[in-house]
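# Analysis of the macromolecular model
Residue strings, one per chain:
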Amino acid sequence: MNALGPILAMAVGMYALRITGFLLADTAIPPAWERALTFVPVATLTALVVTSLAGGADEAPIRLIAAAGAGVIAQRTRRMWACILSGLALYWLLRLAAARIG
Amino acid sequence: MRVSSHAISTSAAPREPTSRGLFARGFLALMPLWAGAIPVGIAYGVAARGVGLGLVETLLMSLTVFSAAAQLSVVALLGAGAPGLVLVGTALALNVQALLLGLAAARQTRPSWLKRLAAAYFLTDGAYGVAVAGGKLTLPGLAGAGVSMFVAWNTGTILGAALGHALPDPRHFGVDFVAPLTFLAVLVPLVRTRAAALTALVAGVSALLVARLMPGGVAVLGAGLAGSAAGAWWARREQTGVAAVPTTTEDAR
């Protein structure tokens, strides 16, 4: 199968999407937009958490509880590894428990 | 990993970290996401070869398109015999949020043109999400995180395309759960004000709603726009409001 044409078109299009924001950064924008841009990190991260959590639909309750626990650890410790490892540990424990019960 | 302590303390750090140091920090900070990126890269490699893409085409797509959502959709569409225009349109529609992320990143860092051209190539949601840790995004940090994801994604692709089904799928053990945990670890310390909390709430609900209708980046873009609009509205309300709320200055950062 020859998909080289579409692949190259996608590559050009993707780079255009990625570079456009960088190129527009020097243009004058209204102060309200400027203020809104400072909230993009929090908004984007929340969206990433929500959409990547939704991945395991069959075990959604387990993932939600484990993520909530990890969120508390993140709040207390402010360390990335503490959040990840505690969340994974909680997740595996809950999975084990669910397998026992189910 | 603990970028926040560097960003906040002024007495402990006598000089700014070097570009190389920031790049390395970004590269390392993204490494937890390898746990998800490599298996998905393998899955893409296997699927791409499965629908009849050549080895070169399979690898070339990961090197140039560099988007899990786009590439997995394209492979599914190829399998269904979709025309080239549909492939390109789908791939781009799934990544419109890159416009917003690029704007937010460059607005905060104001880098040189050459650096913009290079950093843009490696811009992904995950890299942006990790690079804003501590609330202080730097261009070398973003590039380091982007290159880190690039290495993982292409390693996965090579493994999947070359070895195929011989590999066990680690996703059975839930390694993809590392991704939300990583983003959560960056997010939680950033939510320090009411405006930020409202941003997160609106973005979270928006992401859930949009993700039901449309896949991938559209949900991230919709949530990004709705959430940041809500946060800006609240910050403005506090600034012009009756009582001076002490947290307002932090919003303006």
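Residues numbered from 1 in each chain as written. Chains lettered and ligands numbered in written order. Predicted model: local features only at pLDDT ≥ 70, side-chain atom pairs only at ≥ 80, totals over all residues.

Take the overall build of chain B next. When its secondary structure is counted, chain B shows 14 helices and 0 strands. Taking all 253 residues of chain B together, the buried fraction comes to 53%. Pairs at least 24 apart in sequence give 75% of the contacts found in chain B among residues at least 6 apart. (Helix = DSSP H or I, 4+ residues; strand = E, 2+ residues; numbered from the N terminus. Buried ≥ 20, exposed ≤ 12 C-beta atoms within 10 Å, placed from the backbone. Contact = placed C-beta atoms within 7 Å.)

Attention now goes to the overall build of chain A. The helix and strand tally for chain A stands at 5 helices and 0 strands. Its helices and strands taken in sequence order, chain A reads α-α-α-α-α from the N to the C terminus. For chain A, the C-alpha radius of gyration of 21 Å lies well beyond 13 Å, the compact-globule estimate for 102 residues. Buried residues in chain A amount to 45% of all 102 residues. (Rg over C-alpha atoms; globule rule 2.2 N^0.38 Å.)

Glancing now at the confidence of the model for chain B. All names here are of chain B. Per-chain confidence: chain B averages 85 in pLDDT, with 87% of residues scoring 70 or above. Least confident of the elements in chain B is helix H1 (residues 3-8), whose mean pLDDT is 43; most confident is helix H4 (residues 55-64), at 96. Long-range and interchain partners of residues 1-13, a stretch whose pLDDT sits below 50, account for 19 contacts in this model, where long-range means more than four residues apart. A low-confidence stretch, residues 242-253 (pLDDT under 50), is modelled with 13 contacts involving residues beyond four sequence positions or located in other chains. Overall fold confidence (pTM) sits at 0.81, and the ipTM for the predicted complex is 0.89. (pLDDT = per-residue confidence, 0-100.)

Turning our eyes to something else, we now look at the interface of chain B and chain A. Taken together, the contact between chain B and chain A spans 77 residues of the former and 57 residues of the latter. Within the side of chain B that touches chain A, the residues separate by chemical class into 52 nonpolar, 16 polar and 9 charged. (Nonpolar A, V, L, I, M, F, W, Y, C, P; charged D, E, K, R; others polar.)

With that out of the way, let us pick up the nonpolar core. Residues and elements named next belong to chain B. Ala91, Leu142, Leu181 and Leu184 are the most contacted members of the largest nonpolar core, which totals 115 residues. Counting residues per element, this core draws most heavily on helix H11 (residues 178-190), at 10 residues. If we skip the residues at most four places from it in the chain, Leu142 touches Gly26, Ala105, Ala119, Ala127, Tyr128, Ala131 and Leu137. (Core = buried A, V, L, I, M, F, W, Y, C linked by C-beta atoms within 7 Å.)

Further remarks concern helix H12 (residues 194-213) of chain B. Relative to the 28 Å expected for 20 residues at 1.5 Å per residue, H12(B) spans 29 Å between its end C-alpha atoms, a close match to the ideal helical length. Within the span of H12(B), buried status applies to B:Ala195, B:Ala196, B:Leu198, B:Thr199, B:Ala200, B:Val202, B:Ala203, B:Ser206, B:Ala207 and B:Val210. (Expected span 1.5 Å × (residues − 1).)

For any two helices packed against each other, one specifies the crossing angle of their axes together with the interaxial distance. Residue and element names in this part refer to chain B. Running from amino to carboxyl end, helix H8 (residues 113-121) crosses helix H10 (residues 139-163) at an angle of 30 degrees, the nearest separation of the two axes being 9 Å. Considered as vectors, H8 and H10 are oriented roughly parallel to each other. The two elements H8 and H10 cross, and the hand of that crossing is left-handed. On H10, the residues touching Lys115, Ala118 and Ala119 of H8 are Leu139, Leu142, Ala143 and Gly146. For the contact of H8 with H10, the class distribution of residues is 5 nonpolar, 1 polar and 1 charged. (Axes fitted to C-alpha atoms, helices over the stretch in contact; angles between N-to-C directions. Parallel < 35°, antiparallel > 145°, perpendicular 65-115°, else oblique. Left-handed = near helix turned anticlockwise from the far one by under 90°.)

This part takes up the environment of A:Gly71. For A:Gly71, the position within the fold is in helix H4 (residues 60-77). For A:Gly71, the residues in contact, after removing those within four places along its chain, are B:Leu184 and B:Val188.

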